[in-house]
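Single-letter residue listing:
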Amino acid sequence: MSLTRADVEKVSLLGRLLLTPAELERMTVQLGQVVDYMNLLAELDTEGVQPMAHAIELANVFRDDVVRPSLPREQALANAPQHDRECYLVPAVLGE
Amino acid sequence: MTAPYTTIIGLEIHVQLATASKLFCGCSTRFGAPPNTQTCQVCIGMPGVLPVMNRRAFELGLRTAVALNCQIAPFTKWDRKNYYYPDLPKGYQISQYDLPFSSEGWLDISDPKGKIEPRRVGIIRAHLEEDAGKSMHDEAAGQADSRIDLNRTGTPLLEIVSKPDMRSPAEAKAFLTELKLLLTYLGVSDCNMQEGSLRVDANVNLHVHTPDGNVPTPIVEIKNMNSFRAVERALAYEAERQWQVWQETGQRLGQVPKQTRGWDDQANVTRGQRHKEESSDYRYFPEPDLVPATVTAAEVEQVRAELGELPAALRTRLESTYGITPYDSDVLVNQGRELVAYFIALADGAGDGKAAANWLQQDVLRELNARDLSIDKFPVSAARLAELIALVKKGDIDHTRAREVVFVEMLSSGKSAADVLREKGIERVDESELEALARELLAANPKILADIKQGTTKAAGALIGQAKKRNPNISPNRLLEICLAIAPGM
Amino acid sequence: MTLLEKTATELLADLAAGRLSSAELVRACLEQIERHDGAVHAFLRVDSERALAQAKAIDERRARGDKLGPLGGLPVAIKDLLCDRDELCTCGSRMLENFRPPYDAAVIEKIKAADGVLLGRTNLDEFAMGGSTENSAFGPTCNPWDTTRIAGGSSGGAAACVAARMVPLSIGTDTGGSIRQPAGLCGVTGLKPTYGRVSRYGLVAFASSLDQIGPLAQSAEDAALLLEVIAGHDPRDSTSVPKEVPAYSKSVNKPLAGLRLGIAREHFAAGLDAEVERAVREAIKVYQSLGAKVVDISLPHGKYGVACYYVIAPSEASSNLARYDGVHYGHRTDVRIMSEALEAERAALEHGSAGRAAAEAAVAQLDTPLVRMYRQSRAEGFGPEVKRRIMLGTYALSAGYYDAYYLKALKVRRLIRQDYDTAFKDVDLIVGPVTSTPAFKIGEKSDDPLAMYLVDLYTVSANLAGVGGIVVPCGQSNGLPIGLQLQAPPFEEERLLRAAAMYQRETDWHRRAPTLA
């Protein structure tokens with residue numbers, strides 16, 4: 001088995017998901033199957049093959065350094081779950 | 001006795017580039033706006049938005065890297081650095097990982113006062129990335145929440161990483177000073193540390209000298225240093241702290257995880273910061289929303305050609321062309337490109353580099369500091385000041401009066417030196433007149449004459465005041481010379 | 001023929017001739033939705049007032065003699081994944097249930113400017129992750145041909161609403177087959193453009209290097225009309241290609257002479273349903289009867305496509321979805337309840353029997369309130385498939401696995417692209433099935449993610465390579481539609497549309513509509 005429950009637990013913290021013990025159990029099995037399937041890739045010899053991160057061959061796409069209007073603050077904050085008149089609010093950020 | 005260890009220091013500098021708009025959107029980068037008034041869907045990272053690279057930011061980065069003698073990569077790409085923090089709205093920072101646009105440069109540091117040895121500090125890389133926002137927490141007010149301001153989010157940053165080539169806090173400070181000067185000359189950043197335009201982190205450890213050779217101690221990263229002075233003090237503190245830890249534990253590099261410590265400027269100590277193991281797994285991968293950039297050798301040469309004269313070359317030129325000391329050239333160059341231009345015009349106009357340097361440092365800089373002016377606002381042009389220096393050289397006016405009377409008048413009235421001289425009736429006193437006056441004074445003061453004859457030449461100084469009363473235009477130095485010359489024959 | 005059985009092109013002619021008003025057409029659509037969407041659930045939201053107001057405004061302008069845009073009052077349905085400043089954009093997720101974007105997607109701007117009427121927002125797999133629309137937080141979309149079966153996905157709503165003749169045109173998105181597969185399963189025409197052809201600005205990202213927006217419609221002619229409106233360069237999307245947009249709607253009915261069709265032997269291997277194979281081979285015969293030449297080709301790396309795709313897409317997704325953290329928008333857990341739970345956990349650890357040192361170590365590992373807020377909010381806001389993919393992508397990018405999975409997949413991706421480049425030296429189009437079977441039963445594969453992923457076998461390669469593809473209905477099996485997929489070299493959408501239209505002039509599969517109760 002390629003994936004352990006501890007792996008899955010660690011990944012859940014990295015990906016900021018809280019999984020119940022039952023979810024963790026199920027996820028370990030399901031992800032394990034998928035990861036095993038992905039190991040199919042290992043059988044291919046890719047020596048000397050350039051990785052392909054984009055499906056297009058574009059380069060040097062830039063914009064001019066021109067200031068454009070920002071969003072009115074009310075609009076910027078409108079979708080925030082918690083905010084005051086000026087800022088987004090989150091549980092205290094302390095030495096993190 | 002030699003020190004029991006060598007301090008090894010590398011620096012990481014984040015510089016905000018002087019663009020008008022952010023790295024990936026058109027929001028202004030202006031400092032000090034009310035919270036969350038300089039954001040848009042792109043820099044807030046709203047669902048569906050895409051970044052588009054600011055050309056100017058790339059150009060400013062390129063200019064800096066070339067000036068730092070870096071290799072410029074012909075092909076560069078952007079990557080995502082993934083981590084969660086409330087001031088990072090996308091959950092990732094667009095940065096550069098394995099193919100930064102520049103690497104392998106250097107910056108020379110030295111100190112004309114001789115506090116440090118000249119040294120070439122290597123630059124590992126310089127890359128472009130976006131800034132995060134700010135989280136504010138008022139513990140004193142007992143707030144349960146932190147407040148997030150995203151105005152700064154997406155401001156273009158250049159991250160410059162030095163090699164661990166510095167060997168003392170003073171060298172680190174010298175490196176930062178020289179780097180800041182270079183950035184200022186290049187016009188790529190305002191380098192304002194108070195506003196966060198220039199931020200410094202340091203990596204430091206010790207190489208402890210033991211009979212079995214040098215032993216490296218664990219590397220510590222120091223953050224939260226808000227001035228170059230703070231960097232110097234934090235590094236000094238940290239070296240001493242690590243030495244204590246070494247003596248207590250004997251821990252070597254690799255035996256404990258890398259630690260991050262924050263500098264407390266009030267308490268003058270570094271403190272360990274909370275650090276979870278997983279938080280350093282940034283899962284970098286190529287940013288799919290941005291395409292790569294390419295730079296040709298010809299483009300690099302073009303950038304190099306347009307750099308202008310940089311501080312190190314300028315110091316050398318001022319010393320060789322104008323015969324000024326390394327100390328003087330350092331002072332002048334450190335004042336910036338505009339002041340150097342003023343100096344060159346002054347030295348050329350007056351035909352005397354040394355005098356120009358003295359006038360600039362003693363009179364012009366004092367006045368600029370007192371009035372909090374920049375050189376372009378200085379009321380006396382280089383040409384007019386050069387005229388005054390020339391008059392002093394010619395002997396039409398003595399140096400002290402030139403400074404205290406004429407220069408002061410030029411500053412307030414904006415008039416030329418010649419005009420001030422004319423208005424104040426200042427004119428050269430010819431030699432025969434001076435000699436007649438000298439004879440008269442010596443004759444009237446037999447005690448002084450006798451003293452001079454006996455070799456107490458400084459006794460002649462007492463005549464200056466009387467001479468000035470008789471004729472304020474006399475040159476005191478010349479009068480003294482004449483007194484000493486004629487006294488033996490009287 | 002009833003009004004809604006007409007194609008968009010036919011309706012546009014009626015509108016232009018004054019035989020029909022946009023308001024009448026919109027009303028007819030709304031009635032059809034009212035009648036049948038309870039069973040199909042293609043739409044998440046329909047804003048009838050806004051749609052009617054838009055339609056009336058367009059009718060008035062037409063009456064005044066104003067020149068109208070190319071959509072001239074035709075209604076368009078939008079997958080609920082594109083930002084529209086006048087709409088919510090839920091992405092089929094609890095996370096964004098109340099999210100109202102402050103801006104318009106490029107495609108929305110273009111449709112508005114072209115005088116399309118924005119009829120409503122269609123259902124999808126949450127954040128477009130899925131192939132059945134069962135992963136919508138708001139319930140699945142059912143196949144109009146058999147409502148016990150899936151509509152396909154992730155653009156299930158977008159395909160089903162056209163199939164059920166609720167709207168003539170709809171916008172979908174395709175990251176690994178999400179336009180083509182539901183088009184095939186619902187019996188409509190769907191086109192995934194070349195990567196870079198249509199601006200992604202305002203499309204909520206699933207996997208940024210694979211996502212493309214495209215049209216779904218009854219016919220290739222209709223798809224050409226809509227593609228012509230939405231395609232083109234956009235300076236706000238760095239991956240949008242600055243290339244002229246051909247007048248697809250003008251050329252779509254010109255037949256292609258001397259067409260060379262490539263048949264990849266890998267597309268007809270074990271696992272392909274016999275009925276599907278038969279229908280596809282019949283369709284190829286139609287092309288042959290029109291003078292096309294058939295060439296046997298090989299896409300040798302196609303079999304790695306699914307593995308490659310399920311590394312790359314979740315990796316990008318894990319990063320794209322990091323922004324949903326309950327801070328700036330979207331769902332946030334009830335922080336008070338969360339804090340109490342966290343305190344209880346701490347207390348339990350401190351008073352546990354493990355001993356003081358162990359208890360302290362365990363407490364140190366406990367989430368901070370901020371981290372717990374993130375984790376709890378995301379746990380509540382995302383459904384199981386989205387969580388799986390975030391986990392998968394996070395794993396594939398994490399230290400120690402990057403080279404074996406992500407980097408390896410990028411290299412395999414290059415090989416897949418090279419397969420296409422090689423094949424297109426000898427053929428103009430690649431023709432084959434879009435799915436191995438017709439629509440399966442709702443719930444049939446819910447507990448088997450891997451089986452679900454393998455459904456994408458014939459579609460993911462086009463996204464990995466960045467090439468375009470079109471699907472047209474080409475037959476039925478037990479009353480369920482079967483789709484034919486054509487793939488073309490990059491930026492040859494015109495060829496795809498003309499080839500599809502050639503076929504549709506000879507057949508009437510695309511004119512067949514399901515009988516709805």
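Residues numbered from 1 in each chain as written. Chains lettered and ligands numbered in written order. Predicted model: local features only at pLDDT ≥ 70, side-chain atom pairs only at ≥ 80, totals over all residues. Heavy atoms only, no water.

**Here we look at the overall build of chain A**
Looking only at helices and strands, chain A has three helices and two strands in total. Secondary structure of chain A in N-to-C order comes out as α-α-β-α-β. The C-alpha radius of gyration computed for chain A amounts to 22 Å, which surpasses the reference 12 Å derived for 96 residues by more than 25%, pointing to a less compact arrangement than a globule. Structurally, chain A occupies a C-alpha span of about 55 × 45 × 25 Å along its principal axes. A buried classification covers 47% of the 96 residues belonging to chain A. Sequence separation of 24 or more characterises 35% of the internal contacts of chain A that already satisfy a separation of 6 or more. By element, 52% of the accessible surface of chain A is carried by carbon and sulfur atoms, the whole surface being about 5,000 Å². The averaged location of the 15 negative side-chain charges in chain A is 11 Å from the averaged location of its 8 positive side-chain charges. (Helix = DSSP H or I, 4+ residues; strand = E, 2+ residues; numbered from the N terminus. Rg over C-alpha atoms; globule rule 2.2 N^0.38 Å. Buried < 20%, exposed > 50% of the residue type's maximum accessible area, 1.4 Å probe, protein only. Contact = heavy atoms within 4.5 Å. Areas by Shrake-Rupley, 256 points an atom, 1.4 Å probe, with all protein chains shown as cover. Lys, Arg positive; Asp, Glu negative; His and termini not counted. Charge placed at Lys NZ, Arg CZ, Asp CG, Glu CD.)

**What about the overall build of chain B?**
Helices and strands together make up the secondary structure of chain B, namely 15 helices and 18 strands. A compact globule built from 490 residues would reach a C-alpha radius of gyration of about 23 Å, whereas chain B, at 30 Å, exceeds it by more than 25%. Among the 490 residues that make up chain B, the fraction classed as buried is 54%. Restricting to contacts in chain B with at least 6 residues of sequence separation, those with at least 24 account for 70%. A total of about 21,300 Å² of accessible surface is found on chain B, and carbon and sulfur atoms cover 50% of it.

**Some points on the interface of chain C and chain A**
Listed as interface residues are 68 residues of chain C and, on the opposing side, 53 residues of chain A. Summed over both partners, the interface of chain C with chain A comes to about 5,400 Å²; 70% of that surface belongs to carbon and sulfur atoms. Its largest share of buried area at the contact with chain A, chain C owes to C:R375, C:M391 and C:R414, together 14% of the area lost on that side. The partner of C:K303 in a salt bridge is A:E43, and the shortest N-O contact between them spans 3.6 Å. On the surface where chain C and chain A come into contact, there are 19 residue pairs in polar contact (both at pLDDT 80 or more). Contributing elements (two or more residues each) for the side of chain C that touches chain A: α10 (305-320), α13 (369-381), α14 (384-397), α15 (403-426), α16 (449-454) and α17 (460-465) of chain C. Residue contributions to the side of chain C that touches chain A peak at 11 residues, all from α15(C). (Buried area = accessible area lost by both parts, 1.4 Å probe. Salt bridge = Lys/Arg side-chain N within 4 Å of Asp/Glu carboxyl O. Polar contact = N/O pair within 3.5 Å; in protein donor to acceptor, adjacent residues only side chain to side chain.)

**Quick word on the pattern of salt bridges**
Residues and elements named next belong to chain C. Overall, the coordinates contain 79 salt bridges over all chains when judged by the stated rule. Salt-bridge contacts for D234 lead to R236; the nearest nitrogen and oxygen are separated by 3.0 Å. Within this structure, R45, R50, D80, D84, R85, D86, E87, D104, K112 and R121 form a network of salt bridges that share partners.

**Structural notes on the domain arrangement of chain B**
Domains assigned within chain B are domain 1 (5-299), domain 2 (309-424) and domain 3 (431-489). Placing the centre of domain 2 of chain B and that of domain 3 of chain B at their C-alpha centroids yields a distance of 32 Å. (Domains from an automatic or database assignment.)

**A word on the nonpolar core**
Grouped together as the largest cluster of nonpolar side chains are 215 residues, with contacts concentrated most on C:L82, C:I111, C:F127, C:I171, C:I230, C:Y287 and C:L497. Those residues within four positions of C:L82 in sequence are excluded, and the remaining contacts are C:C89, C:A105, C:V107, C:I108, C:R121, C:I171, C:T173, C:G202, C:L203 and C:I213. Formed by 63 residues, the second largest nonpolar core is a distinct cluster that contains B:M53, B:I109, B:V204 and B:L235. (Core = buried A, V, L, I, M, F, W, Y, C linked by side-chain atoms within 4.5 Å.)

**Overview of the interface of chain B and chain A**
When the parts of a complex come together, some accessible area is lost, and that lost area is often taken as the interface size. Taken together, the 51 residues of chain B in the interface contact 37 residues of chain A. When chain B packs against chain A, close to 3,800 Å² is buried across both sides, 56% of that on carbon and sulfur atoms. Where chain B meets chain A, there are three salt bridges. Between B:R147 and A:E86 there is a salt bridge, with its nearest N and O atoms 2.9 Å apart. There are 24 residue pairs in polar contact (both at pLDDT 80 or more) connecting chain B and chain A. Those elements that provide at least two residues to the side of chain B that touches chain A are β2 (53-54), α1 (55-67), β10 (145-149) and β18 (293-294) of chain B. Considering every element that reaches the side of chain B that touches chain A, the biggest residue donor is β10(B), with five residues. Within the side of chain B that touches chain A, the residues separate by chemical class into 26 nonpolar, 13 polar and 12 charged. Judged from the two bridges that link them, strand β1 (residues 62-63) of chain A and β2(B) form a sheet pairing that is parallel. Its bridge partner being in β2(B), A:R63 is matched across the sheet by B:N54. (Nonpolar A, V, L, I, M, F, W, Y, C, P; charged D, E, K, R; others polar. Pairing = 2+ DSSP bridges.)

**A word on helix α9 (residues 274-289) of chain C**
Residue and element names in this part refer to chain C. With 16 residues, α9 should cover 22 Å at 1.5 Å per step; its first-to-last C-alpha distance of 22 Å lies within 8% of that length. The set of residues buried in α9 consists of V276, A279, V280, A283, I284, V286 and Y287. Projected onto a plane normal to the axis of α9, the buried residues spread over an arc of 150° and lie on a single side. The outward face of α9, more than 90 degrees from its buried face, is lined by the exposed residues A274 and S289. Sitting at the amino-terminal end of α9 is D273, which places a side-chain oxygen 2.9 Å from the backbone nitrogen of E275. The first or second residue beyond α9 is G291, which carries a positive phi of 100°. (Expected span 1.5 Å × (residues − 1). Arc of directions from axis to C-beta.)

**Digging into the confidence of the model for chain B**
For chain B, per-residue confidence averages 92 on the pLDDT scale, and residues scoring 70 or more make up 97% of the total. Reported confidence for the predicted complex is 0.97 by ipTM and 0.93 by pTM. (pLDDT = per-residue confidence, 0-100.)

**Focus: the packing of aromatic side chains**
Overall, the coordinates contain 27 aromatic pairs over all chains when judged by the stated rule. Each ring, one from B:Y322 and one from B:F343, has its centre 5.4 Å from the other, and the planes form 80°; the classification is edge-to-face. With B:Y322 in helix α5 (residues 311-322) and B:F343 in helix α7 (residues 337-350), the pair connects residues that are 21 residues apart, well separated along the chain. This pair shows no difference in class: B:Y322 is buried, exactly as B:F343 is. Of the aromatic side chains, those joined through ring pairs into one cluster are C:F99, C:F127, C:Y324, C:Y329 and C:F382. In this arrangement the basic side chain of B:R120 is found over the ring face of B:W106, its NZ or CZ atom lying 3.4 Å from the centre. (Phe/Tyr/Trp six-rings, centres within 6.5 Å; stacked < 30°, edge-to-face > 60°. Lys NZ or Arg CZ within 6 Å of the ring centre and 35° of its normal.)

**Some remarks on the sheet that holds strand β1 (residues 43-46) of chain C**
Residues and elements named next belong to chain C. Taking strand neighbours across the sheet as the criterion, the 11 strands line up as β1-β3-β2-β6-β8-β7-β12-β13-β11-β9-β10 in an open arrangement whose pairing is mixed. Since the sheet does not close on itself, it has two edges, and those belong to β1 and β10 (293-297), each with one partner. The mean angle between the axes of side-by-side strands here comes to 30°, regardless of whether they run parallel or antiparallel. Of the strand pairs in this sheet, strand β9 (residues 260-264) and β10 are connected by five bridges, and their pairing is parallel. Paired with L261 across the strands is V294, a residue of β10. (Axes fitted to C-alpha atoms, helices over the stretch in contact; angles between N-to-C directions.)

**Some remarks on the packing of helix α9 (residues 382-394) of chain B against helix α10 (residues 399-413) of chain B**
All names here are of chain B. Where α9 contacts α10, the two axes come as close as 11 Å, and the packing angle between them is 155°. The orientation of α9 with respect to α10, classified from their angle, is roughly antiparallel. In the crossing of α9 with α10, the sense of the turn from one axis to the other is right-handed. Touching R384, L385, L388 and V392 of α9 are H399, A402, V406, F407 and M410, all from α10. When the residues that make up the contact of α9 with α10 are grouped by side-chain class, the tally is seven nonpolar, one polar and one charged. (Parallel < 35°, antiparallel > 145°, perpendicular 65-115°, else oblique. Left-handed = near helix turned anticlockwise from the far one by under 90°.)

**Here's the deal with the pairing of strand β3 (residues 117-122) of chain C**
All names here are of chain C. Burial of β3 is extensive: six of the six residues sit out of reach of the surface. Two elements, β1 and β3, share three bridges in a ladder whose sense is antiparallel. Each residue of the ladder has a partner; that of R45, found in β3, is R121. Across five bridges, the pairing between strand β2 (residues 75-79) and β3 is parallel. Residue P75 lies in a different strand from β3, and its bridge partner there is V117.

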